Amino acid sequence: MNKNITLLAVGSLFALSTFSSTAFADPKVTPTHPGYSTIQILEMGQPKDINWVSVDDIAAKLKGKPPMAVGFDIDDTVLFSTPGFYRGQQEFSPNSFSYLHNQKFWDKMNCDWEKFSLPKETAKKLIEMHQKRGDKIYFITGRTASNCEISTQYLKDVFGIKDMHKVIFAGSSKTEFTKTPYIKEKNIKMYYGDSDGDIVAARQAGAEGIRIMRAANSSNRPIAKNGILGEEVVINSQY
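What counts, and at which threshold
- Throughout this description, residue numbers start from 1 for each chain and increase along the sequence as written.
- Whole-chain, interface and lining totals are the exception, using all residues; otherwise, since this is a predicted model, local features are given only for residues with pLDDT of at least 70 and side-chain atom pairs are given and counted only at 80 or more.
- To get the side-chain values, all heavy atoms of the structure are used, and hydrogens and water are removed first.
- By definition, a salt bridge exists where a carboxyl oxygen of Asp or Glu is found within 4 Å of a side-chain nitrogen of Lys or Arg.
- Numbering of helices and strands starts at the N terminus; helices are DSSP runs of H or I of at least 4 residues and strands are runs of E of at least 2.
- The cut-offs for exposure are 20% and 50% of the maximum accessible area for each residue type, with area from a 1.4 Å probe on protein chains only; residues under the lower value are buried, those over the upper are exposed, and the others partly exposed.
- At least two DSSP bridges between two strands are required for those strands to pair.

Turning to the pattern of salt bridges, a few remarks are in order. Summed over the entire model, instances satisfying the criterion amount to 17 salt bridges. As a salt-bridge pair, E232 and K61 come within 3.0 Å of each other at their nearest N and O atoms. Highlighted residues: E232 in strand 11 (residues 232-234) and K61 in helix 3 (residues 55-62), separated in sequence by 171 residues. Exposure remark for E232: the relative accessible area of 22% places this residue in the partly exposed category. The class for K61 is partly exposed, based on a relative accessible area of 31%. D135 serves as the salt-bridge partner of R133, at 2.8 Å between the closest nitrogen and oxygen. Each of K61, E208 and E232 takes part in a single network of salt bridges with overlapping partners.

The next subject is the sheet that holds strand 3 (residues 69-72). Strands sit in the order 2-11-9-8-3-6-7 across an open sheet of seven strands; the sheet is parallel. Since the sheet does not close on itself, it has two edges, and those belong to strand 2 (51-53) and strand 7 (168-169), each with one partner. Pairing of strand 6 (residues 136-141) with strand 7 involves two bridges; the strand directions are parallel. Considered in strand 7, the bridge of T141 is made with F169.

Read these as geometric descriptors, not functional statements.
Spelled out as structure tokens, the structure:
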């Protein structure tokens, strides 16, 4: 594709996501590598100093190993959920990000608007691979919990999960990695996520954290920098 066209497309994607999602605030982490956002990668191509892996590479690494528990973040990892977050801002706080601290928004997102989330193609491939291995699959999200939720059934349906476990709503914190105890509790060995906090939470729990690229037009800004912690990054996983 012509580079000018590519840059124009990236600019258009950026324009579609002008608000920042600070709902999933994690403690600050110390980077070990400059890393590259999905936007940068779209502009410059795939940097050689990132530990790229494909779904086939992961399958090969697991060949011969017994079934295990694996975990996935939800937003920007298995689902492109920006439509619901965008609608939430328009309805609850058009000129601010306060909707992210409004329980009414989370009730809408968790109990209704999840149906507008798009399943990511890379997630489909990863989940299919893990199910073929007989691995247990858990979903752990940093969202605020609600008294109701359709996420469990929605994920079961769109990804064809055979042995579905109820989604874990870990919440978020600026002082601790809220997903760590759940990753430990479920004895998860591999955890996939798009944020720095996902990688750190996995490592704290003794699991391997693998990065899924956040889409360039995600509402969750700034776009996370892939490879910033030296982790493996699933290639072309922005969609």
